[in-house]
Amino acid sequence: MSIKPFEKRIWLSSPTMHGEEQKYTDEAIKTNWVSTVGENINEVEKRIAAKIGRKFAAGLSCGTAALHMAVKLCGEKLYGRPAPGHGALEGKKVFCSDMTFAATVNPVVYEGGEPVFIDTEYETWNMNPAALSKAFELYPETRLVVLAHLYGTPAKIDGIVKICKEHGALLIEDAAESLGASYKGAQTGTFGDVSAISFNGNKIITGSSGGMLLTDLREDCEKVKKWSTQSREAAPWYQHEELGYNYRMSNIIAGVVRGQIPYLEEHIAQKKAIYERYKKGFSGLPLSMNPFDAEISEPNFWLSCAIIDKNALCRTETYALKTRYTKEKGKTCPAHILDALSAINAEGRPIWKPMHLQPIYSRAPFVAACGSGREITDACVEKSVFYDVGADIFKRGLCLPSDNKMTPEEQSVIIEAIKECF
Ligand SMILES: *Cc1c(COP(=O)(O)O)cnc(C)c1O
C-alpha cells in the first residue's frame with residue numbers, strides 16, 4: 001500500500017518564528033542599531049548566560065566561530081600565545097567527540113591542533129569516558145578535550161569531567177545541539193571551562209545564524225570579544241597587537257534570538273512530545289530511539305533518531321557517495337527508511353558520520369575503550385569488546401523528521417511509512 005505524500009514538506013528541523021523576533025529586529029532598524037553593537041546583543045548575552053547558569057557570554061556570528069574562539073582561548077591558556085602565523089595548538093593533540101558534526105572538530109585544525117577521535121558509547125551516543133581514559137594512557141601529554149552533546153542528549157559528563165581533572169586537561173563543551181538540556185539539574189554549557197552554543201537555522205531556537213561562547217571568567221569573555229572584533233586595541237587609530245577576526249554577532253541577528261528565547265521551553269516540550277510519539281509508535285518493531293539516561297539527564301530532544309536492531313538490518317553497500325540496499329522481508333536499513341520518508345515528502349537524515357570515517361580525518365588517531373590503531377584488533381577481540389560504536393550506530397541509525405510544527409496526525413503517517421519498511 002502506498003501512502004499519499006504530504007503536500008507541504010515535513011522537515012527534519014526548521015526555524016519556528018513567533019512574531020516577537022520582528023519586534024526586536026524592527027526596533028534595531030528603526031533606531032539605526034544595525035551593526036555589531038546594540039541592545040539586542042547585550043540582552044541575549046545576559047539572558048542566555050542567566051538561563052544556562054554561566055557568568056559571561058559573548059555573542060558571535062555562529063557556533064563554529066564560538067568553538068574557534070574557545071579552542072584558541074584554551075590553546076593560549078595551555079601553551080601561550082603563538083608566534084605570528086602559527087596556531088595556538090600547533091603540533092598538539094586534542095581529544096574530540098567522534099560521532100558529531102564536523103564543526104565540533106574543524107576549529108581544532110584551524111589552530112593547527114591534531115584531533116584524536118574518541119569512540120562513542122551506546123547509552124547516550126556521546127564520547128565514551130572509558131575510551132577517553134584510554135586516550136590519556138596513549139597520549140598522556142594531551143591537555144584539551146572537546147565534547148559534544150549529540151542531538152540534544154547530554155553526554156556522561158561526570159565521568160568526562162573527572163578524567164579531565166585527573167589529567168589537568170581543559171574541557172570545551174560543544175552545546176550547539178543541546179541548548180536547554182540538563183545533566184543532574186545543571187544545564188549543558190555549564191560543565192566546560194569554555195562552552196559554545198549555536199543559533200543556526202535548524203537548532204532548537206535560532207537567530208537565522210549566530211552563536212555564543214560561555215565562560216565564568218570575565219577576562220576570557222573580554223578577550224574573545226576583542227579577538228572577534230579584529231583585535232582592536234583601545235587607541236583612537238587602528239592598533240593591533242594580536243591576530244583578529246570578524247566574528248561578532250550582529251544586532252539584527254540578536255533581535256531574532258531575543259524574540260526566540262521566551263519559546264525555548266515550548267520548543268523543547270514539542271520536541272519531547274515528538275520523541276515520545278515515535279517511541280510509542282515503534283513499540284513492537286525491531287528499532288529503538290536514541291537513548292538517554294532518564295535518571296540523571298533531561299535532553300532537549302532536538303532530533304529524534306532511531307536505530308535498527310542488528311538482526312533486522314538489511315544489507316547495504318556504499319559506492320561513490322551513494323548507498324544501495326537489498327530489501328529482505330522483515331528487514332530494513334536507514335537508506336531504505338530515508339527513501340520511504342522522501343517518497344512521502346518528509347525529510348530524514350543519516351546519523352552524523354563519525355569523524356574517524358571522514359576522508360579529511362582518515363589519518364587522525366581513533367581511540368576505543370580497548371585500544372587504538374592496530375592494537376584495537378587484538379585487545380578488543382581478546383576482551384570481546386566491540387570497538388567501533390560510532391560506525392555501528394552510523395550503519396544502523398537515522399535521524400527522523402523532528403520539526404516542531406509537525407502535527408500528531410502527520411507524525412502518525414510517518415510512523416506508518418516506517419512500519420511498512422519492515
Ligand atoms: C550546528 C553545530 C555546530 C555549528 O554551529 P553553527 O552555528 O552552524 O556554526 C557545532 N557543533 C555542533 C554539534 C552542531 O550541531
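Residues numbered from 1 in each chain as written. Predicted model: local features only at pLDDT ≥ 70, side-chain atom pairs only at ≥ 80, totals over all residues. Heavy atoms only, no water.

**Observations concerning the overall build of the protein**
Along the backbone of the protein there are 13 helices and 18 strands. Relative to the globule expectation of 22 Å for 422 residues, the C-alpha radius of gyration of the protein, 22 Å, shows essentially globular dimensions. Each of the three principal axes of the protein carries a C-alpha extent, and together these read 75 × 55 × 40 Å. Within the protein, the fraction of its 422 residues that count as buried is 55%. Pairs at least 24 apart in sequence give 70% of the contacts found in the protein among residues at least 6 apart. Only carbon and sulfur atoms are counted for the fraction: they give 53% of the accessible area of the protein, which is about 18,700 Å². Distance from the positive charge centre (50 side chains) to the negative charge centre (52 side chains) of the protein: 2 Å. (Helix = DSSP H or I, 4+ residues; strand = E, 2+ residues; numbered from the N terminus. Rg over C-alpha atoms; globule rule 2.2 N^0.38 Å. Buried < 20%, exposed > 50% of the residue type's maximum accessible area, 1.4 Å probe, protein only. Contact = heavy atoms within 4.5 Å. Areas by Shrake-Rupley, 256 points an atom, 1.4 Å probe, with all protein chains shown as cover. Lys, Arg positive; Asp, Glu negative; His and termini not counted. Charge placed at Lys NZ, Arg CZ, Asp CG, Glu CD.)

**Focus: the site of the ligand**
In the vicinity of the ligand lie 15 residues, with T64, D174, E177, S198 and K203 positioned nearest. Here T64 contributes a side-chain N or O atom positioned 2.5 Å from an oxygen atom of the ligand. Within the side chain of K203, a nitrogen or oxygen atom sits 3.3 Å from an oxygen atom of the ligand. When the ligand is considered free in solution it has 380 Å² of accessible area, and contact with the protein chains removes 94% of it. Among the detected pockets, the ligand sits in the second largest pocket. For the shell around the ligand, the class distribution of residues is five nonpolar, seven polar and three charged. (Near = heavy atom within 4 Å. Polar contact = N/O pair within 3.5 Å; in protein donor to acceptor, adjacent residues only side chain to side chain. 1 Å grid on protein atoms, 1.4 Å probe; cavity = no way out; pocket = protein on both sides within 12 Å on 5 of 7 lines; lining within 4 Å. Sits in = over half its atoms within 2 Å of the grid points. Nonpolar A, V, L, I, M, F, W, Y, C, P; charged D, E, K, R; others polar.)

**A look at empty space enclosed by the protein**
In this structure the tally under the stated criterion is one cavity of 30 Å³ or more. Each pocket or cavity is described by its volume, and for the largest cavity that value is around 50 Å³. Along the wall of the largest cavity there are 13 residues; nearest its centre are S14, T16, K203, I204 and N404. Among the residues forming the lining of the largest cavity, the class breakdown is three nonpolar, eight polar and two charged. Both domains that furnish three or more residues to the lining of the largest cavity are identified here as domain 1 (20–262) and domain 2 (264–420). (Points joined across faces, edges and corners; volume = space filled by probe spheres on them. Domains from an automatic or database assignment.)

**Comments concerning the packing of helix α3 (residues 63–79) against helix α7 (residues 218–227)**
Relative to each other, α3 and α7 sit at 120 degrees, their axes nearing to 11 Å. Between α3 and α7, the interaxial angle falls into the category oblique. α7 is crossed by α3, and the crossing has right-handed handedness. The residues of α7 that touch α3, namely those facing M69, K72, L73, E76 and K77, are D220, K223, V224 and W227. Tallied by class, the residues present in the contact of α3 with α7 amount to four nonpolar, no polar and five charged. (Axes fitted to C-alpha atoms, helices over the stretch in contact; angles between N-to-C directions. Parallel < 35°, antiparallel > 145°, perpendicular 65-115°, else oblique. Left-handed = near helix turned anticlockwise from the far one by under 90°.)

**What to know about the sheet that holds strand β7 (residues 186–187)**
Spatial strand order, β7-β6-β11: three strands in an open sheet with antiparallel pairing. In this open sheet, the two strands that pair with only one neighbour each are β7 and β11 (297–298). Of the strand pairs in this sheet, strand β6 (residues 182–183) and β7 are connected by two bridges, and their pairing is antiparallel. Across the sheet, residue Y183 finds its bridge partner in β7, namely A186. (Pairing = 2+ DSSP bridges.)

**Side note on the domain arrangement of the protein**
Under the domain assignment used here, the protein contains domain 1 (20–262) and domain 2 (264–420). Inter-centroid distance (C-alpha atoms) of domain 1 to domain 2 is 26 Å. Contact with domain 1, which involves 49 residues of that partner, is made by 46 residues of domain 2. The largest per-residue losses of area from domain 1 upon contact with domain 2 belong to Y122, W125 and Y151, which jointly make up 22% of the total buried on that side. The partner of K51 in a salt bridge is E265, and the shortest N-O contact between them spans 2.5 Å. Residue assignment for the side of domain 1 that touches domain 2 shows that the elements contributing at least two residues are β2 (93–97), α4 (106–110), β3 (114–118), α5 (129–138) and β6. Broken down by element, the side of domain 1 that touches domain 2 gets its largest block of residues, five residues, from α5. When the residues that make up the side of domain 1 that touches domain 2 are grouped by side-chain class, the tally is 26 nonpolar, 13 polar and 10 charged. (Buried area = accessible area lost by both parts, 1.4 Å probe. Salt bridge = Lys/Arg side-chain N within 4 Å of Asp/Glu carboxyl O.)

**Things to note about the nonpolar core**
Counting 35 residues, the largest nonpolar core has W125, Y151, I197 and F199 as the members making the most contacts within it. Put simply, the parts of the chain that give this core at least two residues each are α2 (39–52), β9 (211–215), α8 (251–260), α9 (264–281), β12 (305–308) and α12 (389–396). In terms of domain composition, this core takes at least three residues from each of domain 1 (20–262) and domain 2 (264–420). Excluding residues that lie within four positions of it along the chain, F199 makes contacts with I48, L179, I205, T206, G207, S208, S209, G210, G211, M212, M249 and V257. Grouped together as the second largest cluster of nonpolar side chains are 33 residues, A65, L170, A196 and L213 included. (Core = buried A, V, L, I, M, F, W, Y, C linked by side-chain atoms within 4.5 Å.)

**What about the state of the cysteines?**
Counted according to the given criterion, the structure contains one disulfide. Bridging C314 to C333, the disulfide has an S-S length of 2.4 Å. Taking the torsion about the S-S bond as the criterion, the C314 to C333 disulfide, at about -45 degrees, is left-handed. Here the residue C314 occupies a position in the loop between β12 and β13 (315–319), and C333 occupies one in the loop between β14 (322–326) and α10 (334–343), the gap between them amounting to 19 residues. Exposure class is identical for C314 and C333. Each is buried. (Disulfide = S-S within 2.5 Å.)

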